[in-house]
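Observations on chain architecture
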Amino acid sequence: MRLCRWGDKGNEKPGMIDRDGGLRDLSGVIADVTVDALARLRGLDTAALPPVAGATRYGVPVAGIGKIVAIGLNYRDHAIESNLPIPTEPMMFMKAVTSLNGPDDPVVLPEGATHGDWEVELGVVIGATCRYVAEAAALDHVAGYVLVNDVSERFNQKERGSQWSKGKGHDTFCPVGPWLVTPDEIADPQALDLHLDHNGVRMQTGNTRTMIFTVAELIAYVSRFVTLLPGDLLITGTPPGVGEGRRPDKIFLRPGDVMELGITGLGQQRQHVRAFDRALLS
């Protein structure tokens, strides 16, 4: 299943993408797209759902995300371009839930930002409580997969002490979606192509097979330190090609820039970058 939430911000309705790529209204079946609601959708006749005509906005595809756990430097070449050691254990940090954003909503740079950057990532929505989960059973705890842009402000991330969350948790810095794709449609989470373009120029190209730590390894590892609950979001690292890693000159986000990104089977995102404006954050 490819599930989504569509409509005006704050008033999204549940939806499903049919075999032809059309949007269908799920609001007559479930109140919202949550992990708990997934069981009610098994065997549903998608063709019987009302179609949604015309262009529409997509929101974060699953409601009730309780926390966002992120993994840094999970692709060897990205660690190298960042001039940081290759991790021997997953590097964890938290991203604020207030950073959640629709997949095509504007990304608003924080006040005084100078080092905005992009990171296309595979996101994993947890479907069952993970506490000391064995690696062999880890993927059984997945509700679905999502496309994520782990937007970052590198100066705040790296030059204001050692807390990466300072540069990762700004409002709008976690676009998610457009869809939550259930595991039955993703044969192997370690065989997905990723890409990101900045102003029409390809910057990131990668495949999840080159992760240092697999999705299963990450779930098992994180569950030793942080209990993952149904609806939590785990984002798994980015391949090389971030703006900070460009040579000879680094590239950082500026108002008016456009980011376009995608992952095999998980859809596409497109975000316009805006200057800081409190009205855009309400």
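Now for a description of the structure that goes with this document. (Residues numbered from 1 in each chain as written. Predicted model: local features only at pLDDT ≥ 70, side-chain atom pairs only at ≥ 80, totals over all residues. Heavy atoms only, no water.)

1. Side note on the overall build of the chain
- For the chain, the count of helices and strands is four helices and 18 strands.
- At 18 Å, the chain has a C-alpha radius of gyration in line with the 19 Å of a compact globule built from 282 residues.
- Overall, the chain is about 55 × 45 × 30 Å in size when its C-alpha atoms are taken along their principal axes.
- Residues classed as buried in the chain amount to 55% of the 282 residues present.
- Sequence separation of 24 or more characterises 74% of the internal contacts of the chain that already satisfy a separation of 6 or more.
- Surface accessibility of the chain: about 12200 Å² in total, with carbon and sulfur atoms responsible for 50%.
- Separation between the mean location of the 28 positive side-chain charges and that of the 35 negative ones in the chain comes to 3 Å. (Helix = DSSP H or I, 4+ residues; strand = E, 2+ residues; numbered from the N terminus. Rg over C-alpha atoms; globule rule 2.2 N^0.38 Å. Buried < 20%, exposed > 50% of the residue type's maximum accessible area, 1.4 Å probe, protein only. Contact = heavy atoms within 4.5 Å. Areas by Shrake-Rupley, 256 points an atom, 1.4 Å probe, with all protein chains shown as cover. Lys, Arg positive; Asp, Glu negative; His and termini not counted. Charge placed at Lys NZ, Arg CZ, Asp CG, Glu CD.)

2. Looking at the pattern of salt bridges
- Per the stated rule, a full pass over the model turns up 14 salt bridges.
- Arg-57 is paired through a salt bridge with Asp-105; the nearest N and O atoms lie 2.8 Å apart. Placement of the pair is Arg-57 in the loop between strand E3 (23–25) and strand E4 (68–72) and Asp-105 in the loop between strand E6 (100–101) and strand E7 (107–108), with a sequence separation of 48 residues.
- Since its relative accessible area comes to 11%, Asp-105 is described here as buried.
- Between Asp-150 and Lys-95 there is a salt bridge whose closest N-O contact spans 2.5 Å. Linking Asp-150 in the loop between strand E10 (142–149) and strand E11 (152–153) with Lys-95 in strand E5 (residues 91–95), this pair joins segments that are 55 residues apart in sequence. (Salt bridge = Lys/Arg side-chain N within 4 Å of Asp/Glu carboxyl O.)

3. Here we look at the pairing of strand E1 (residues 2–6)
- When you tally the buried positions in E1, you get five out of five residues, the bulk of the element.
- Of the two faces of E1, the one lined by Arg-2, Cys-4 and Trp-6 and the one lined by Leu-3 and Arg-5 are each fully buried.
- As defined by bridge partners, E1 adjoins strand E13 (residues 180–181) across two bridges and the pair is classed as antiparallel. Across the sheet, the residue bridging to Arg-2 is Val-181, located in E13.
- Where E1 meets strand E2 (residues 13–17), four bridges bridge the pair, whose relative direction is antiparallel. What sits directly across from Cys-4, in E2, is Gly-15.
- Taking the residues that link successive antiparallel strands as the turn, the E1-E2 hairpin has six residues, and the phi of Gly-7 there is positive, at about 120°. (Pairing = 2+ DSSP bridges.)

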